[in-house]
Amino acid sequence: MAGELYVVATPIGNLGDMVPRAVDVLHAVDLIAAEDTRHSGRLLKHLGIETPLVAYHDHGDDRQAARIINALEAGQAVALISDAGTPLISDPGYKLVRAVRLGGFKVIPVPGPCAIIAALCASGLPSDRFTFEGFSPHKSSARIKKFESLAKEPRTLIFYESPHRIVDTLADMAGAFGAEREAVMARELTKTYETFLTGTLMDIHQQVVADSNQQKGEIVLILRGLDVAAEVPDNGEQERVLSLLLDELPLKQAASLAAKITGGQKNALYQLALSLKV
Ligand code: SAM
């Protein structure tokens, strides 16, 4: 283990989700770097682990990272944990892992709980391709801008959100993605009040507004990506655009332009143009 950094996941609510290998690693290392030493101290006490703790934040001063690199240089093994779930996922650790790798030391993941994956795997939304967008901006104008920039994303979209902003965020999402966009709100995963709300953004917004309990706890929001196939205009629309263009342009140019405007196939529009000219 000498000179190695272990990135160790911890539970996101249910202590029973602590992975046995994570417990072994936290026992065996010389030092544990934690986001909040008091918070992690309680978990370690529960697990009977007495390994010394030091604080680490990506935005802390460079001495925190230097101390960890020094320990690795001295042949010690170090584990990185965060308050909950997988370090680096909307949690500190990126700068440290980068510095440790650049320093030529080994970085070893000890996988375990992560709210993104827990929410996605039980959501019923497409899981083959997805994008994680982290927390959204606090200010509504910036939030709407971000959502609008994602409105045409075809992959499933995953967001973390604070319970204080959930009502406003759902309303802003309905505006930017459309009130009918399918979504899932996963709350308090692995805990007593674990809840999944499903339906359109409008349905979920109404349920959350009507029930103040839904405005509490930890939340993951998942949106179905844009159904690109459904966005391609039907033949009626293609025919309308093509007819207008054929009144003004030569056939080949009209077909090419109609393909660009409607998102249709150039060859198919050329064939359609021929049939319209007859
Ligand atoms: N590193 C963590 C992980 O692996 O998921 C995420 C840390 S981030 C600071 C905390 C956010 O993750 C919460 O505000 C919430 O959006 C989400 N989260 C964490 N635990 C959760 C849980 N038990 N249920 C639902 N969402 C959770």
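A quick note: this is a predicted structure, and the numbers were derived from the prediction, not measured.

The rules behind the values
Residues numbered from 1 in each chain as written. Predicted model: local features only at pLDDT ≥ 70, side-chain atom pairs only at ≥ 80, totals over all residues. Heavy atoms only, no water. Core = buried A, V, L, I, M, F, W, Y, C linked by side-chain atoms within 4.5 Å. Buried < 20%, exposed > 50% of the residue type's maximum accessible area, 1.4 Å probe, protein only. Helix = DSSP H or I, 4+ residues; strand = E, 2+ residues; numbered from the N terminus. Contact = heavy atoms within 4.5 Å. Phe/Tyr/Trp six-rings, centres within 6.5 Å; stacked < 30°, edge-to-face > 60°.

Engineer: Describe the nonpolar core, listing the residues and the values that go with them.
Structural biologist: Formed by 20 residues in total, the largest nonpolar core has its most connected members in F159, F177 and M185. Residue assignment for this core shows that the elements contributing at least two residues are α6 (140-150), β7 (156-161), α7 (166-177), β8 (182-187), α8 (201-210) and β10 (219-223). With six residues, α7 is the single largest residue contributor to this core. If we skip the residues at most four places from it in the chain, M185 touches I166, L170, T195, F196, L197, I204, V208, Q214, I219, V220 and L221. Grouped together as the second largest cluster of nonpolar side chains are 18 residues, I69, L72, V97 and V107 included.

Engineer: Please set out the packing of aromatic side chains residue by residue, giving values where relevant.
Structural biologist: This model, assessed by the stated rule, comprises four aromatic pairs. For the ring pair F135 and Y160, a centre distance of 5.7 Å and an interplane angle of 65 degrees mean the geometry is edge-to-face. Within this pair, whereas F135 is found in strand β6 (residues 130-135), its partner Y160 is found in strand β7, the two being separated by 25 residues in sequence. Considering the side-chain rings of F147 and F159, the 5.6 Å spacing of their centres and the 85 degrees angle between planes classify their relative orientation as edge-to-face. Of this pair, F147 sits in helix α6 while F159 sits in strand β7, placing them twelve residues apart in sequence. Assessed through its relative accessible area of 0%, F147 is described here as buried. Overall, F159 belongs to the buried group, its relative accessible area being 1%. Here the aromatic cluster, defined as three or more aromatic residues joined through ring pairs, consists of F132, F135 and Y160.

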